[in-house]
Amino acid sequence: MKTPRYLVPNDYMADPAVHVFNGKLYIYPSHDRESGIPENDNGDHFDMKDYHVFSLDDVENGEVTDHGVILDVKDIPWAGRQLWDCDVAHKNGKYYLYFPLKDKNDIFRIGVAVANRPEGPFTPLPDPIRGSYSIDPCVLEEDGEYYMYFGGLWGGQLQRYRNNKALESASFPADNEPAIPPRVVKLSDDMLQFAEEPRPVVILDENGRPLTSGDSQRRFFEASWIHKYKGKYYFSYSTGDTHLLCYAIGNNPYGPFTYQGVILTPVVGWTTHHAIVEFKGKGYLFHHDCVPSGGKTWLRSLKVAELNYNPDGTIQTIKGEL
Ligand code: FUB
């Protein structure tokens, strides 16, 4: 694949989660829209109201099928506002859509909706997952167990929690202290709850020390994704205000993970967010940028580029279009 490809040129879609189900590639993005809400650090302008699912058989040239709306905020009983980045997992013939949404008190929780097919429609449960908080869930299946990674700073509210308890007020560590970690948690057998308390995902530097809060070029901000390559676990994420997609490698789903480098340099827009998938023997980076909307940070467009590894398992950095 010579140049990256826009996948849904007639609408604004972002934050792709991508999986191969029944030999087809399915994309579950956020559905951006013009809300008229002014841009702020809280992300209020990302006021999304539904999800679509897309499928394709050939990443490089194939037609992208839009299967339409699979979940609408008006059908979620506990909804306040803002459907952000979701993910989907498959177990025993059912598909589980995990989505972050603010509840009626404006607190992000993670909800679940269930379908019999990857194309949905998905039926939401009446309540969010007990003990869930913050944003950007992504799910790994490993030997019949499912692990959810989640979290996001600033508008994603992760700075409001310590040891899975809500703080009186948000708190950021000093620059030389360990950065706020994303979280990982095993899901219950029925896929509808956490099976344990969420644990911190520790990202270490080359000397085995946790990345610090002041290390804004490398520390976690949001957009967790996890994939496996040659027996290793690759945890990738966005650095938020420094606009990089980075990755770290570990030996098991709980980590720790050791920082390796940049996957994608900054793109047009503020957020950067992705999914990494192998399909028909090739690696791909699904992501978004704001080139088609002329740089409006809340109107993002889905894109795919080829992703390649070096012989030592490191990822070759892709240059974002600026
Ligand atoms: O789409 C809303 C938020 O923007 C996502 O949840 C973040 O990861 C960022 O892409």
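Data block above holds the structure.
Along each chain, residues carry numbers from 1 onward, in the same order as the chain's sequence is written. Only residues with pLDDT of at least 70 get local features here, since the model is predicted, and only at 80 or more are side-chain atom pairs given and counted; chain-wide, interface and lining totals rely on the full set of residues. Excluded from the side-chain calculations are hydrogens and water; all other atoms, namely the structure's heavy atoms, are used.

Draft legend 1. Geometry of the overall build of the chain. Helix and strand definitions here come from DSSP, where helices need a minimum of 4 consecutive H or I residues and strands a minimum of 2 consecutive E residues; each element is numbered from the N-terminal end. The number of helices and strands found in the chain is zero helices and 23 strands. The globule rule used here is 2.2 Å times the number of residues to the 0.38 power, and the radius of gyration it is set against is calculated over C-alpha atoms. At 18 Å, the chain has a C-alpha radius of gyration in line with the 20 Å of a compact globule built from 322 residues. Seen along its three principal axes, the alpha-carbon backbone of the chain occupies a region of about 50 × 50 × 45 Å. Across the 322 residues in the chain, those meeting the buried criterion constitute 59%. Note on exposure labels: buried denotes an accessible area under 20% of the residue type's maximum, exposed denotes more than 50%, and partly exposed covers the range between, all computed with a 1.4 Å probe on protein chains only.

Draft legend 2. A look at unusual backbone geometry. Proline 121 follows glycine 120 through a cis peptide bond whose omega is 5°. Cis geometry is adopted by the peptide bond preceding proline 256, which originates at glycine 255 and carries an omega value of 5°. Mapped onto the secondary structure, proline 256 falls in the loop between strand S19 (245-250) and strand S20 (257-264). Despite not being glycine, serine 134 has its phi angle at roughly 65°, a positive value. Considering the arrangement of structural elements, one finds serine 134 in the loop between strand S9 (123-124) and strand S10 (138-142). Phi angles above zero are rare outside glycine, and glutamine 157 is one such case at about 70°. Inspection of the secondary structure assignment puts glutamine 157 in the loop between strand S11 (145-150) and strand S12 (161-162).

Draft legend 3. Expanded view of the pairing of strand S17 (residues 222-229). Taking burial as the measure, the eight residues of S17 include seven buried ones, the bulk of the element. Strands pair, by our definition, only if DSSP identifies at least two bridges between them. In terms of strand pairing, S17 meets strand S18 (residues 232-238) through six bridges, oriented antiparallel. Within the sheet, the bridge partner assigned to lysine 228 lies in S18 and is tyrosine 233. Two successive antiparallel strands, S17 and S18, enclose a turn made up of two residues, where lysine 230 displays a positive phi of approximately 50°.

Draft legend 4. Inspection of the sheet that holds strand S6 (residues 87-91) at higher detail. Taken together, four strands build an open sheet; the order of strands is S6-S7-S8-S9 and the sheet is antiparallel. Looking along the sheet, the strands with just one partner apiece sit at the ends: S6 and S9. Alignment of strand S8 (residues 108-115) against S9, held across two bridges, turns out to be antiparallel. Note on S9: the bridge partner recorded for alanine 113 is proline 124.

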